[in-house]
Amino acid sequence: MLEGLPFLSIITFLPLVGALFIAIQKEDNAGIRNSRTAALWTSLFTFCLSLFLWFGFERGTAKFQFVEKVPWLETFGINYHMGVDGISVLFVLLSTFLTPICILASWDSIQVRIKDYMVAFLVLETLMVGMFCALDMVLFYIFFEGVLIPMFLIIGVWGGERRVYAAFKFFLYTLTGSVLMLLAIIAIYLMLDTTDIPVIMNLSLSKEIQLWLWLAFFASFAVKIPMWPVHTWLPDAHVEAPTAGSVILAGVLLKMGGYGFLRFSVPMMPLASDFFTPLVFSLSIIAVIYTSLVALVQSDMKKLIAYSSVAHMGFVTLGIFALNTQGVQGAIYQMLSHGVVSAALFLCVGVVYDRMHTKLIDRYGGLVERMPLYSVTFMLFMLASVGLPGTGGFIGEFLVLVGLFNINTTVAFLAAVGVVLGAAYMLWLYRRVIFGKLTRDDLKTIKDINAREITVFVPLVILTIWMGIYPAPFLEIMDASVNNLLERHNVALSAIADNPTMASKN
Amino acid sequence: MLFYLCIFLPFIGAAIVGAFGSVLKDKGSQTITCSAMTLSFVMSIIIFHDVALNGNAQTVKIFDWIVSGDFHVEWALRFDTLTAVMLIVVIGVSTLVHFYSIGYMNHDPHNPRFFSYLSLFTFFMLMLVTSDNFLQLFFGWEGVGLASYLLIGFWYQKPSANAAAIKAFLVNRVGDFGFALGIMGVFLLYGSVSFDTVFSGTPDKAGVTMEFLGGDYHALTVVCLLLFVGAMGKSAQLGLHTWLPDAMEGPTPVSALIHAATMVTAGVFMIARLSPIFEYSETALAVVTIVGASTAFFAATVGLCQNDIKRVIAYSTCSQLGYMFFACGVSAYAAGIFHLFTHAFFKALLFLGAGSVIHAMSDEQDMRKMGGIWRDIKFTYLMMWIGSLALSGVPFFSGFYSKDIVIEAAFASKSIVGDYAFMLGMVAAFITAFYSWRLLLMTFHGSSRADEKTLAHIHESPKIMTVPLMLLAFGAVFGGWAGYDFFVGDRMNEFWGDALFVAEGHTALRDAKDVPIWVKIGPIFMGISGIGLAYWLYMFRPYYPGLIAKRLKFTYKFLLNKWYFDQLYDRCFVKPAKYLGHSLWKDGDGTLIDGLGPDGIASALRYLARKASSIQTGYVYHYAFAMLIGVAVLVSFYLSGLGK
């Protein structure tokens, strides 16, 4: 029954249909109520549909599945080509999982232009899912860039005091990177006469060209992930974004960079990836230690978590460029668990922000007295972020380190220093917010999380623990694709080693 | 099923009480966790009988944990003699502490939370001792660390408790950093992290080298030393010990269970468990011996000058752990575990006894404000005597058997590090006895230094607290005598089975029985003379200690400030980290990256825009002229053929 349906397209564009429905609602109370409900149901339904991907996905093969391919811009030979492999299917699920949570989290906290907000989120979902499914470079680029627009609006319209500065910083940073990627895509098209991703993966380019293309793609992905030193947009964007904006930004948008490395840089430019590994390692190590130290002295909760995100993403880039099974699987796993955990942490900040309208750590203290349930929830995600075994955060981090240790003990050693620092800033944050005496008068009436907030957190809690105790299903679904990626990479490298005349010497 | 229940009952108890504590109230929470623990204890005895005494070692697989390429880890429960011994110790002490806490935490408003944490700790500790691979060991390891963090910070309103909790977690993180790298090294070396595979593969790896941080070293030594860093953190060995005394901020039952009897011994357990690897690295063993012996001495000296009753016992724990380590270091693992076993009883007894004192003194912990109270709390007094006698190694108390064999083994190892350990062990035995009696006499004898109000309230603890004390005292008296044959005596080989491994040439434990008579008597002599000196000083010359402290002002200050480790670390790590973090943020991110990057470009553009606007003159012909130039450029561009 499922075979005939364009499944990925349905999942991708269903939110858009919801968005259209909301767009025609009136601006009165009923319309606002309708838009909230419609957004929630649309995103929930999309998530349920996407679960079919999880169950229907054939394990043990690296080929693209649920493939759809129809001619699109025929004069240029560009197709509307969609499909998922073991890597992208997980990110599609992550996106569809987080969107309803975001909408539910915004239920009361967004009070202006609610209709537009919901539309923005649903459009964003379409673009995110489409990006992870796209198997044509042009299609990919459109989705990839498109994501910028709703996110720009979410920060710029519903953000905090310096929202305009943050929104522009975010926009300019990412756009600058993307322009270079666009050039690279055009160059590939001109050279190979195709923009079809699976086709390009099977072609090989000369090393010289790979290096240039790699750098161009790198510019875009490094900003997205973000890597040091192009990370400074992230703390500002997070601080100014509304809670749900931060959730989706940390949960999914950062992963676009890591996904890009896995989809483009590594398979299409294996020689360049190999060549630039030391660069990536250096930048990532700096990111891990540098941002962990910076996180230590933050006074704004969101900024602290934002910096911790940069450190965690440092592990992702380290893992990807370790280019072995544990490294890459660890990196993907780290992205997934960070997607869940950092999203949850931003939601935790959102809970108290909604009540007190401040994110300054000093304004809190002793919350456990009034908010025991909240404290437990926050504790769990804090520990997951620290990478405590038994939570999702541990598996990815540890696998990355195992992968790194196999190729370079010094890099593994330095990265592990970040793990120690990570514990320091998170515990310190938790202590200042939750523990201590509750002395401030305005905190004395603060209420524990309500039913809606519990509903938001429960799936995240379950997933965090599940990913820590029983990660096998997630690792299994990505296994074949990762192995395929690495095999091809090694073949490409050994082809050069066997035939050094093909390219300039390493 | 038995195995599962034994391990998971504490978890079930913790989960139920954790989730429904507010409904169950104090009574319900206590009933559930205590009965779960009691049941678990009964099962642990059955398991001990089956596994250790009948020799039925076995492993129960649960399910796959991580499968990533060759990196394959399972959840599994491993039961051999070493595990069985630890089960008895952990569950036994934990059960008693659970019951004791019913009385001790009587007035605390957060009973459900406390009992949930205690049971949760027990579960993680059980996961640690039953692990079948390095990663599960690490899981339990960090899990007990978490429980310890939660319990140290149990009174979350106290800033000092919060600080101590964070410190415990972070110092342990530093240790775990080494541990984790060690596990990675094991995987690199063996392609597996399962104990069986690694242990059976070790003989082949004896000569292999490995690249680490740019150098090429003996692989097993690198791995063992990294793992040992983890053990040092958890067992508060010299350098990574700073968290343990501060951990006394937690409720006293916690100190007895976690920071004396069980968790802090995890490092010793780890070395014993990994004896098949450590035995192949002489360097690693030597390091273990040196660190252990130095800690035994260092902590004993600091214990001399502390005034907080719990801190004295904490440093004593630190010191005794040192003994266990150097026993392992000279390949006398069985002796180390034997000392771990007896120590669990008498140290838990001492802590719970101290708890009883503190309870009686209305939460006073400073010994300078105690004194002369033995008549009011005779039972506690007796218990403290038994604990101190056992700790000082007075003959026929449990500590005597285990401490003697440890010191003798060090002597019998006939190596330089062994001699070092032997000498420091002897000196530490003297100091141990001295500070134990200093504690006893300062607390119970002399004139009372407490205020009226406290004195009026002094009372013996209720039954629920004294009965556990009695049971522990029973262990402290007879534990050594009963265990000697099995642990280190004639039935040793049969008892341990394959749980411990000792290489061919390492005969310290066997030779320990044939040491000269002065070595055999030495520790006893040291212990008794330490007691004698303390007795003389504090009973008959009570003004002497103050005088000595004044005379040796520098030494006294040095010891009182715990060799200045905390100050040193604060200066070297904590302050620089914060300073660095701040300057990286403001100067690095702010001035440099943003200044040159987005903000810089933005202001440059604004500048250009201002310049450009001055060109805007408002005259139409200027614009027309500019347009013409533009068109001209474009046209020539196309004509030249570049635009194709």
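What you see is a predicted model; the values in this text were computed from it and never measured. Sequence positions are assigned chain by chain, starting from 1 and proceeding in written order. Ligands are numbered from 1 and chains lettered from A, in the order in which they are written. Where local features are concerned, this predicted model is filtered to residues with pLDDT of at least 70; where side-chain atom pairs are given and counted, the filter is 80 or more; whole-chain, interface and lining totals use all residues. Side-chain metrics rest on all non-hydrogen atoms present in the structure, leaving aside hydrogens and water.

### Some points on the overall build of chain A
Under the DSSP-based scheme used, a helix requires at least four consecutive residues in state H or I and a strand at least two consecutive residues in state E, with every element numbered from the N terminus. Across its full length, chain A carries 19 helices and two strands. For chain A, whose C-alpha radius of gyration is 22 Å, the value lies close to the compact-globule estimate of 23 Å for 506 residues. C-alpha atoms of chain A, sized along the principal axes, occupy 75 × 55 × 40 Å. Sorting the 506 residues of chain A into buried and exposed places 68% on the buried side. At a minimum sequence separation of 6, the contacts of chain A that also span at least 24 residues come to 81%. Methods summary: accessible areas were calculated by the Shrake-Rupley approach with a probe of 1.4 Å, and residue burial reflects only the protein chains presented. Roughly 16,600 Å² of accessible area belongs to chain A as shown, and the carbon and sulfur atoms make up 67% of that amount. Across chain A, the centroid of the 30 positively charged side chains sits 10 Å from that of the 32 negatively charged ones. Our radius of gyration looks at C-alpha atoms and nothing else; its globule reference is 2.2 Å times the residue count to the power 0.38. The buried label goes to any residue with under 20% of its type's maximum accessible area, the exposed label to any with over 50%, and the partly exposed label to all in between, with areas taken from a 1.4 Å probe on protein chains only. Note on contacts: a residue pair is in contact if any heavy atoms of the two residues lie within 4.5 Å. Neither His nor the chain termini are counted; the positive set is Lys and Arg, and the negative set is Asp and Glu. Note on charges: their place is set at NZ of Lys, CZ of Arg, CG of Asp or CD of Glu.

### Observations concerning the overall build of chain B
When helices and strands are counted, chain B shows 27 helices and four strands. The principal-axis extent of the C-alpha atoms belonging to chain B is close to 110 × 65 × 60 Å. Residues counted as buried form 59% of the 644 residues belonging to chain B. Pairs at least 24 apart in sequence give 79% of the contacts found in chain B among residues at least 6 apart. Carbon and sulfur atoms make up 68% of the accessible area of chain B, which amounts to about 25,100 Å² in all. Here chain B carries 42 positive and 42 negative side-chain charges, and the mean point of each set is 12 Å from the other.

### Describing the side chain of B:T380
Among the structural elements, B:T380 can be located in helix α15 (residues 378-392). A polar atom in the side chain of B:T380 sits 2.9 Å from the side chain of B:S356. Polar contacts, as used here, are pairs of N or O atoms within 3.5 Å; protein pairs need one atom able to donate a hydrogen and one able to accept it. Residues neighboring in sequence count only if both atoms are side-chain atoms.

### As for helix α10 (residues 266-273) of chain B
Counting buried positions along α10(B) gives eight out of eight residues, so the element sits mostly inside the fold. Within the span of α10(B), buried status applies to B:A266, B:G267, B:V268, B:F269, B:M270, B:I271, B:A272 and B:R273.

### Let's talk about the pairing of strand β3 (residues 209-212) of chain B
Residue and element names in this part refer to chain B. Of the two faces of β3, only the one carrying M210 and F212 is buried; T209 and E211 on the other face are not. Strands qualify as paired when DSSP identifies two bridges or more between them. Alignment of β3 against strand β4 (residues 215-218), held across four bridges, turns out to be antiparallel. Residue pairing across strands places E211 opposite D216, the latter belonging to β4. Where β3 folds back onto β4 in an antiparallel hairpin, the turn is made up of two residues, including L213, whose phi is positive at roughly 50°.

### Describing the packing of aromatic side chains
The aromatic pairing rule takes the rings of Phe, Tyr and Trp, using the six-membered ring of Trp, and pairs them if the centres are within 6.5 Å, calling planes under 30 degrees apart stacked, those over 60 edge-to-face and the rest tilted. Under the definition given, this model contains 97 aromatic pairs over all chains. Geometry around A:W107 places A:R36 over its ring, the cationic atom sitting 5.9 Å from the centre. By definition, being over a ring means that NZ of Lys or CZ of Arg is both within 6 Å of the ring centre and within 35 degrees of the ring normal.

### Here we look at the nonpolar core
Counting 436 residues, the largest nonpolar core has B:Y149 and B:W496 as the members making the most contacts within it. In terms of residue count, helix α14 (residues 333-360) of chain B provides more of this core than any other element does, 19 residues in total. An automatic or database domain assignment supplies the start and end points of every domain. Two domains each put at least three residues into this core: domain 1 (2-560) and domain 2 (566-639) of chain B. Setting aside its immediate chain neighbours within four residues, B:Y149 contacts A:M379, A:M382, A:L427, A:Y430, A:F435, B:A165, B:I166 and B:F169. The term nonpolar core refers to a set of buried residues drawn from Ala, Val, Leu, Ile, Met, Phe, Trp, Tyr and Cys, joined through side-chain atoms within 4.5 Å.

### Brief notes about the pairing of strand β2 (residues 71-79) of chain B
Residue and element names in this part refer to chain B. The element β2 is extensively covered by neighbouring structure, given that seven of its nine residues are classed as buried. Where strand β1 (residues 58-68) and β2 come together, nine bridges link them in antiparallel fashion. Bridged to T59 within β2 is R78.

### Some remarks on the environment of A:V419
For A:V419, the position within the fold is in helix α17 (residues 409-434). Between the C-alpha atoms of A:V419 and A:E68, which are 351 residues apart in sequence, the distance is 42 Å. Not counting chain neighbours up to four residues away, the residues in contact with A:V419 comprise A:F315, A:V386, A:E397, A:L401 and B:R173.

### Points about the state of the cysteines
All names here are of chain A. When the sulfur atoms of two cysteines come within 2.5 Å, that pair is taken as a disulfide. Tallied over the full model, the rule gives zero disulfides over all chains. Free of any disulfide, C133 has its nearest cysteine sulfur in C48, 17 Å distant. Here C133 falls in the buried class, since its relative accessible area comes to 0%.

### Focus: helix α12 (residues 270-296) of chain A
All names here are of chain A. Taking 1.5 Å as the rise per residue, α12 with 27 residues should run 39 Å; its terminal C-alpha atoms sit 37 Å apart, in good agreement. Bend at a residue means the angle formed by two fitted axes: the first through the 7 residues ending at that position, the second through the 7 residues beginning there. The largest bend along α12 measures about 50° and falls at F276, with the proline P278 one to four residues further on. Of all 27 residues in α12, 20 are buried; the element is thus mostly enclosed. Helix span, expected: 1.5 Å multiplied by one less than the number of residues in the helix.

### A word on unusual backbone geometry
Note the cis peptide between A:I225 and A:P226, where omega equals -20°. Counting through the fold element by element, A:P226 comes out in the loop between α9 (207-224) and α10 (233-240). A cis amide bond links A:W228 to the next residue, A:P229, at an omega of 0°. Of note, B:K414 is a non-glycine position whose phi angle comes to about 50°, a positive value. By the secondary structure assignment, B:K414 is in the loop between α16 (398-412) and α17 (416-444).

### Notes on a nonpolar patch on the surface
Residue and element names in this part refer to chain A. Patches here: salt-bridge-free residues with over 30% relative accessible area, like charges joined within 9 Å, nonpolar side chains (Val, Leu, Ile, Met, Phe, Trp, Tyr) joined within 5 Å. Within this document, salt bridges are pairs made up of a side-chain nitrogen of Lys or Arg and a carboxyl oxygen of Asp or Glu, the two lying within 4 Å of each other. On the surface, L175, V179, L180, L182, L183, I186 and L190 cluster together into a nonpolar patch covering about 580 Å² of accessible area. Following the sequence through the fold, V179 ends up in helix α7 (residues 163-192). Relative accessible area serves as the criterion here: at 42%, V179 is assigned to the partly exposed category.

### A word on the interface of chain B and chain A
At the interface, 53 residues of chain B touch 61 residues of chain A. For the pair chain B and chain A, the two sides together bury roughly 4,900 Å², of which 72% comes from carbon and sulfur. In this assembly, chain B and chain A are joined by 12 residue pairs in polar contact (both at pLDDT 80 or more). Those elements that provide at least two residues to the side of chain B that touches chain A are β1, β2, α4 (134-152), α5 (159-190), β3, α25 (565-596) and α26 (598-615) of chain B. Ten residues, namely Ala, Val, Leu, Ile, Met, Phe, Trp, Tyr, Cys and Pro, are considered nonpolar, four, namely Asp, Glu, Lys and Arg, are considered charged, and the remaining ones, Gly among them, are considered polar. Across the side of chain B that touches chain A, the residue classes break down as 35 nonpolar, nine polar and nine charged. Two parts placed together each lose some accessible area under a 1.4 Å probe, and the buried area is that loss summed for both.

### Quick word on the side chain of A:S88
All names here are of chain A. With respect to the helices and strands, S88 occurs in helix α3 (residues 88-105). Under the relative-accessibility criterion, S88 is labelled buried at 0%. In this structure, S88 is in contact with G83, F132, Y259 and R263, ignoring residues within four places of it in sequence.

### As for the domain arrangement of chain B
Many authors give the size of an interface as the accessible area that is lost as the parts come together. Each assigned domain of chain B is listed here: domain 1 (2-560) and domain 2 (566-639). Look at where the C-alpha atoms of domain 1 of chain B and domain 2 of chain B centre, and you get two points 60 Å apart.

### A look at the pattern of salt bridges
Residues and elements named next belong to chain A. Summed over all chains, the structure comprises 23 salt bridges over all chains. With a shortest N-O distance of 3.4 Å, K63 and E58 are connected by a salt bridge. Exposure remark for K63: the relative accessible area of 45% places this residue in the partly exposed category. Note that E453 is salt-bridged to R355, the shortest N-O span being 2.9 Å. One end of the pair, E453, is in helix α18 (residues 451-469); the other, R355, is in helix α14 (residues 325-356), with 98 residues separating them in the sequence. Judged by its relative accessible area of 23%, R355 falls in the partly exposed class.

### Observations regarding the confidence of the model for chain B
On average, residues of chain B score 88 in pLDDT, and 95% of them are at 70 or above. Here the predicted complex scores 0.91 on pTM and 0.91 on ipTM. Each residue gets a pLDDT score, which is the predictor's confidence in that residue and runs from 0 to 100.

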